[in-house]
Amino acid sequence: MKIAYLANVGSVHTQRWASAMAQRGHEVHLITRRGISQFMLPGVRMYFLPFLPPYGYWLNAPWVRRILHRLRPQLLHVHYAAGYGVLGRLSGFHPRILSIWGSDVFVAPYQSGFQRRVIQKNLRSYDVLCATGNAIARQARSVCDGLGDIRITPFGVDTEKFRPDPTKKDASKITIGTVKKYHPFYGIDLLVGAFARVRQRFLVSEPEIGRRLRLLLVGSGDHKAEIEALVKSLGIADVSEVLGPVPHHEVPDYLNRLDVYACPSRSESFGVAVLEASACGVPVVVTNVGGLPEVVEDGKTGFIVPPENLDALVEAIEVLVRRPDLRSRMGQAGREMVVERYSWDESVRIMENVYAEALALGGKA
């Protein structure tokens with residue numbers, strides 16, 4: 001199959017989809033913005049557009065049309081309902097598929113009336129719509145009335161790369177943390193506050209456990225300095241690591257250092273980071289928002305707590321700190337769930353089926 005992608009090559013999601021299809025023997029072409037050529041993908045032919053966002057999403061349309069006319073792919077797969085979604089619509093190419101990522105329907109439509117109208121127009125223009133999970137699909141329908149079927153195409157986990165590795169753990173410590181972007185959406189401040197409270201409780205009631213507790217935070221984002229300041233103000237800097245971004249292939253090493261993975265998000269479209277933690281056999285604590293309840297079995301692979309509820313977050317973490325047997329059992333169950341439902345190979349197979357469907361339709365679904 002000859003596939004053209006229109007997406008941001010700087011995103012690990014784009015990289016994984018394009019690379020996976022190339023590895024499956026498809027002829028893959030990726031059209032993306034200029035300035036990020038360091039992301040060269042084996043087996044993927046790349047084309048760089050001349051104009052940068054935000055105006056580039058309109059100005060690059062003639063270049064996209066020319067590239068597609070020259071390539072004559074069998075289908076066009078566009079990622080993100082805003083931005084590249086505009087370029088895909090203006091390309092006039094069919095059949096075209098749009099993958100909705102999350103913030104393009106949870107955040108972007110509420111930034112301005114103009115942005116909302118653009119996204120609505122984009123969503124209605126595609127032959128096939130895809131979403132990572134049911135929460136994203138529901139949100140897309142709430143933003144844009146009258147949408148037809150939205151195919152669920154989970155962004156799965158490479159369970160060979162993300163797997164338990166006991167050698168990464170320090171048995172003398174109990175480490176709570178997350179690998180997540182430093183953004184208010186993801187509630188890293190709540191996790192820091194909860195950790196400080198849990199540690200203080202154990203230092204009073206069970207000092208041996210309290211002295212073993214550690215906090216590990218890993219991620220990118222503009223709010224890292226604020227989190228570092230919060231850690232310092234709560235007096236836990238000496239037992240905390242607040243790290244910057246790491247390459248995706250190193251993420252399993254950091255996840256395997258954790259005994260508890262916490263994701264107390266205020267907003268979350270799906271939760272692939274949670275699945276990666278579960279694949280590494282780490283029990284998880286998440287909030288009941290967006291797509292997170294789809295990827296956690298409450299009481300089996302982890303705990304689901306109400307959003308913005310620090311007491312509930314503290315209680316869930318405290319239970320897991322106190323009970324290593326429960327951590328082990330939930331971690332194993334989480335690993336089994338990911339292997340069964342969210343393996344990357346299965347995700348790629350599902351997407352290939354969507355491609356075949358789009359080719360059969362040829363035009364509007």
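Rules used in this analysis
- Here the residue numbers are simple positions, counted from 1 along each chain's written sequence.
- Selection of residues for local features in this predicted model requires a pLDDT of at least 70, selection of side-chain atom pairs for listing and counting requires 80 or more, and totals for whole chains, interfaces and linings are taken over all residues.
- Each side-chain value is worked out from all heavy atoms of the structure, with water and hydrogens disregarded.
- With a 1.4 Å probe rolled over the protein chains alone, any residue whose accessible area is under 20% of its type maximum counts as buried; one over 50% counts as exposed, and the rest are partly exposed.
- A run of H or I in DSSP becomes a helix once it reaches four residues, and a run of E becomes a strand once it reaches two; helices and strands are each numbered from the N terminus.
- By this definition, two strands are paired if DSSP reports at least two bridges between them.
- In this description, a line fitted to the C-alpha atoms serves as the axis of each element, helices being fitted only across the stretch in contact, and the angle between N-to-C directions of two axes falls anywhere from 0 to 180 degrees.
- In this description, contact between two residues means that some pair of their heavy atoms is separated by no more than 4.5 Å.
- Look down the strands so they point away from you; if the path from the first strand over the helix to the second goes clockwise, the crossover is right-handed.
- We count a salt bridge whenever a side-chain nitrogen from Lys or Arg sits within 4 Å of a carboxyl oxygen from Asp or Glu.
- Pairs of cysteine sulfur atoms within 2.5 Å are identified as disulfides in what follows.

Peer 1: Got a sec to walk through helix α4 (residues 84–91)? Specific residues and values, please.
Peer 2: With 7 of 8 residues buried, α4 lies mostly within the body of the structure. Residues of α4 that are buried: Tyr-84, Gly-85, Val-86, Leu-87, Gly-88, Arg-89 and Ser-91. Of the residues one or two after α4, Gly-92 is the one with positive phi, at around 75°.

Peer 1: How would you summarise the environment of Gly-10 if you had to cite specific residues and measurements?
Peer 2: In this fold, Gly-10 is placed in the loop between β1 (2–6) and α1 (12–23). In this structure the C-alpha to C-alpha distance between Gly-10 and Arg-327, which are 317 residues apart in sequence, comes to 35 Å.

Peer 1: Account for the sheet that holds strand β12 (residues 284–287), with residues named and values stated.
Peer 2: Pairing is parallel in the open sheet, where 6 strands are placed in the order β10-β9-β8-β11-β12-β13. Either end of the sheet is taken by a strand with one partner, and the two such strands are β10 (240–243) and β13 (302–305). Averaged over all adjacent pairs, the angle separating strand axes in this sheet is 15°, with direction ignored. Examined bridge by bridge, strand β11 (residues 260–263) and β12 share 3 bridges and lie parallel to one another. Bridging from a neighbouring strand, Tyr-261 pairs with Val-284 of β12. Helix-sheet contacts for helix α8 (residues 188–205) involve β8 (174–179), β9 (213–218), β10 and β11, and the interaxial angle to β9 is about 170°.

Peer 1: How would you sum up the pairing of strand β5 (residues 96–100)? Please name residues and give values.
Peer 2: Burial analysis of β5 places 5 of its 5 residues in the buried class, the great majority of the element. Every second residue of β5 is oriented toward a common face, with Arg-96, Leu-98 and Ile-100 on one face and Ile-97 and Ser-99 on the other, all of them buried. With 4 bridges joining them, strand β4 (residues 75–79) and β5 adopt parallel strand pairing. Paired with His-77 across the two strands is Ile-97, which belongs to β5. In this fold, β4 hands off to α4, which returns the chain to β5; that crossover is right-handed.

Peer 1: Mind laying out the pattern of salt bridges, listing which residues take part and the relevant values?
Peer 2: Taken as a whole and judged by the stated rule, the model has 20 salt bridges. Two residues, Asp-253 and Lys-168, come together in a salt bridge whose shortest N-O distance is 3.8 Å. Taken together, the residues Asp-253 in helix α11 (residues 251–255) and Lys-168 in the loop between β7 (150–152) and β8 connect sequence positions 85 residues apart. Note on Asp-253: relative accessible area 33%, which makes it partly exposed. What emerges from the salt-bridge pattern is a single network uniting Arg-201, Glu-206, Glu-318 and Arg-322.

Peer 1: Tell me about the environment of Val-78, and please be specific about residues and values.
Peer 2: When you line up the elements, Val-78 lands in strand β4. For Val-78, a relative accessible area of 0% translates into the label buried. In this structure, the C-alpha to C-alpha distance between Val-78 and Asp-149, residues 71 residues apart in sequence, is 17 Å. Excluding residues that lie within four positions of it along the chain, Val-78 makes contacts with Leu-6, Tyr-84, Gly-85, Gly-88, Ile-97, Leu-98, Ser-99 and Tyr-126.

Peer 1: Help me get a handle on the state of the cysteines, residues and values and all.
Peer 2: Counted under the stated rule, the structure contains 0 disulfides. Free of any disulfide, Cys-130 has its nearest cysteine sulfur in Cys-144, 16 Å distant. Taking the relative accessible area as the measure of exposure, Cys-130 reaches 1% and is therefore buried.

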